[in-house]
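# Structural description and commentary
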Amino acid sequence: METDRQAHWLHPLTAVNYARAAVQVGLWKSEESLITQYFKPEAHLLELGCGGGRVGLGLWQRGYQYLTITDFSPVMIEMTRGVFQQMAPNHRARIEIANACSLQYANESFDGVIFAFNGLMCLRGREDREKALPEIYRVLKKEGFFIFTANDREKGENTREWAVEPIPPKGEKGDRWHETDSTPVFMHSSTEYETLAELKTAGFKTLQSKLRSELVSENAVVKNFAGETRFYVAQKI
Ligand SMILES: C[S@@+](CC[C@H](N)C(=O)[O-])C[C@H]1O[C@@H](n2cnc3c(N)ncnc32)[C@H](O)[C@@H]1O
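Residues numbered from 1 in each chain as written. Predicted model: local features only at pLDDT ≥ 70, side-chain atom pairs only at ≥ 80, totals over all residues.

### Comments concerning the packing of helix H1 (residues 12-24) against helix H4 (residues 74-87)
- Orientation of H1 relative to H4, taken along the N-to-C sense of each, is 30 degrees, at an axis distance of 9 Å. One element, H1, and the other, H4, form an angle in the roughly parallel class. Crossing of H1 over H4 shows right-handed handedness. Between H1 and H4, the contacting residues are Pro 12, Ala 15, Tyr 18, Ala 19, Ala 22 and Val 23 on the first element and Val 75, Met 76, Met 79, Gly 82, Val 83 and Met 87 on the second.
- For the contact of H1 with H4, a count of residues per class yields 11 nonpolar, 1 polar and no charged. (Axes fitted to C-alpha atoms, helices over the stretch in contact; angles between N-to-C directions. Helix = DSSP H or I, 4+ residues; strand = E, 2+ residues; numbered from the N terminus. Parallel < 35°, antiparallel > 145°, perpendicular 65-115°, else oblique. Left-handed = near helix turned anticlockwise from the far one by under 90°. Contact = placed C-beta atoms within 7 Å. Nonpolar A, V, L, I, M, F, W, Y, C, P; charged D, E, K, R; others polar.)

Now the structure itself:
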């Protein structure tokens, strides 16, 4: 049964869960290692799909000063503001609504864009990704980096299930509704080949596409919050 593919992200219980993760899970070791490798502390960074502020808060706490932390969901933005108020009351981050498919920022505004924990795959499907990727490319400065993850249906934890998963009537292979403890969530799980092709179409050069487990070993809290996923580092050329 098809329902609103974005409703999950507008639900207060979802937002509370992501705010809890901001405080209890924090920045993953894998995220920290790539972010510090590609972004200097003085970089102007745009975070898309911030949820409850988990990555944004981690960045602020690690000395990144020029942060624009965004989500399309007003309830997520309220949660993120609350988390920052409690955890980093003197912060100077911009925390505001932005839809990845239609960004309000000028061309070449940012040194880097981050869409953490499979956010790009939480859009409504391929058409949305085909809007979001050129938007991300547009707002990046030349040679700027885009870091994100995507659940890999060939190399992840549910490879066998994915092999027999039917293609949904109004979607493509990899589109699926998943149960959660708030409301069902619509997500796409890609293959590395497919995501590399989407990045190339948008004009990006991919620098890295490693599974999280190939980068570092995460602790149990992180693994419990988020299963295996593939990190992509792409550059505007
Ligand atoms: C899996 S959550 C990740 C949250 C957060 N980045 C984290 O790692 O904890 C995906 C996020 O993408 C956001 N999102 C979904 N569609 C979006 C869109 N069109 N534009 C911006 N953000 C979107 C959701 O509201 C949600 O906060």
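Moving on from the model shown.
### Things to note about the sheet that holds strand E4 (residues 110-115)
- Read from one edge to the other, the open sheet built from 7 strands follows the order E3-E2-E1-E4-E5-E9-E8, with strand pairing classed as mixed. The open sheet has two edge strands with one neighbour each: strand E3 (94-97) and strand E8 (204-211). Each adjacent strand pair in this sheet contributes to an overall mean axis angle of 15 degrees, direction not counted.
- Bridging between strand E1 (residues 44-48) and strand E2 (residues 66-71) involves 4 bridges; their strand directions are parallel. Residue pairing for E2: His 44 is matched across the bridge by Tyr 66.
- Against the sheet, helix H7 (residues 192-202) engages strand E5 (140-150), E8 and strand E9 (230-236), with an angle of about 160 degrees to E8. (Pairing = 2+ DSSP bridges.)

### Some remarks on the nonpolar core
- Counting 59 residues, the largest nonpolar core has Val 113, Ile 114, Phe 115, Phe 146 and Phe 148 as its most contacted members.
- In terms of residue count, E5 provides more of this core than any other element does, 6 residues in total.
- Sequence-distant contacts of Phe 146, defined by excluding residues within four places in its chain, comprise Val 113, Ile 136, Leu 140, Phe 204 and Ala 234. (Core = buried A, V, L, I, M, F, W, Y, C linked by C-beta atoms within 7 Å. Buried ≥ 20, exposed ≤ 12 C-beta atoms within 10 Å, placed from the backbone.)

### Quick notes on the environment of Arg 92
- Tracing the backbone through its elements, the reader meets Arg 92 in the loop between H4 and E3.
- The class of Arg 92 is exposed, set by 9 C-beta atoms lying within 10 Å.
- Separated by 32 residues in sequence, Arg 92 and Trp 60 have C-alpha atoms that sit 8.8 Å apart.

### Quick look at H1
- End to end, H1 covers 18 Å across 13 residues, agreeing with the expected 18 Å (1.5 Å per residue, within 8%).
- Along H1, the residues that are buried comprise Thr 14, Ala 15, Tyr 18, Ala 19, Ala 21 and Ala 22. With its buried residues spanning 155 degrees around the axis, H1 presents them on a single face. Exposed residues on H1 whose side chains face more than 90 degrees from its buried face are Pro 12 and Gln 24.
- On its buried side, H1 packs onto helix H3 (54-61), H4 and helix H9 (220-225).
- A positive phi of about 70 degrees marks Gly 26, the residue just after H1. (Expected span 1.5 Å × (residues − 1). Arc of directions from axis to C-beta.)

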